[in-house]
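If you want the building blocks of each chain, they are given just below.
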Amino acid sequence: MAEPDGVDEIVGQWARERPDLDTAAMAVFGRVYRTARLVGDAQERCYARFGITRADFDVLATLRRAGGDDGLSPGRLTGALMLTSGGMTSRLDRLERAGHLVRTPDPADRRALLVRLTDSGRALVDEAVTAGLAEQQRLLAGMSPAAVRRLDDLLRELLASVEERVAD
């Protein structure tokens, strides 16, 4: 078992003050939240070396993963990233000014736009994803490969459980 951490301290305090509470969920989600914040901060620092934020990276990576040169509509990007249209517009404006993407008319619908990576945007996201993945691997290096696989399976199970219950 790992050494006690800050979450153990919080859970212990609740156990002392409210022994009637089952704090197992608090312990799990406390660690998930703290891990997500620490990893998010590390990823933000990593992407800053490329002059982009995590939010910028998410847009560029979504376009890159879509494959091909057709691009995506701003609506599809908004849905994929779970953003408001206003939030997406400001990101697209910033990335377009930086020369990382272009918005062009959709040949299938003159009223619509498509968002495409530029060559420099594609090169940037390819470098950033490589660096970001290396940072994630560095952060997991304290765990054995078998433990990482077990954790991945458990988190997949947790996510499915939470998604099912949030939908209810």
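Here, the structure is the one placed above.
Residues numbered from 1 in each chain as written. Predicted model: local features only at pLDDT ≥ 70, side-chain atom pairs only at ≥ 80, totals over all residues. Heavy atoms only, no water.

*Asks:* Sorry, what's going on with the packing of aromatic side chains here?
*Replies:* Here the distance between the centres and the angle between the planes together describe a pair of aromatic rings. In this structure the tally under the stated criterion is two aromatic pairs. Judged by centre distance (6.3 Å) and plane angle (35°), the ring pair of Phe-29 and Tyr-33 falls under tilted. Residue Phe-29 and its partner Tyr-33 are both found in helix α2 (residues 24-48); the two are separated by four residues, about one turn of the helix. On the accessibility criterion, Tyr-33 (57% relative accessible area) is exposed. For the ring pair Tyr-47 and Phe-57, a centre distance of 4.2 Å and an interplane angle of 10° mean the geometry is stacked. A residue pair is termed long-range when its members are at least 10 positions apart, and Tyr-47 in helix α2 and Phe-57 in helix α3 (residues 54-66) qualify at ten residues. Among the residues examined, Tyr-47 registers a relative accessible area of 6% and is labelled buried. Using a relative accessible area of 9% as the deciding quantity, one classes Phe-57 as buried. (Phe/Tyr/Trp six-rings, centres within 6.5 Å; stacked < 30°, edge-to-face > 60°. Helix = DSSP H or I, 4+ residues; strand = E, 2+ residues; numbered from the N terminus. Buried < 20%, exposed > 50% of the residue type's maximum accessible area, 1.4 Å probe, protein only.)

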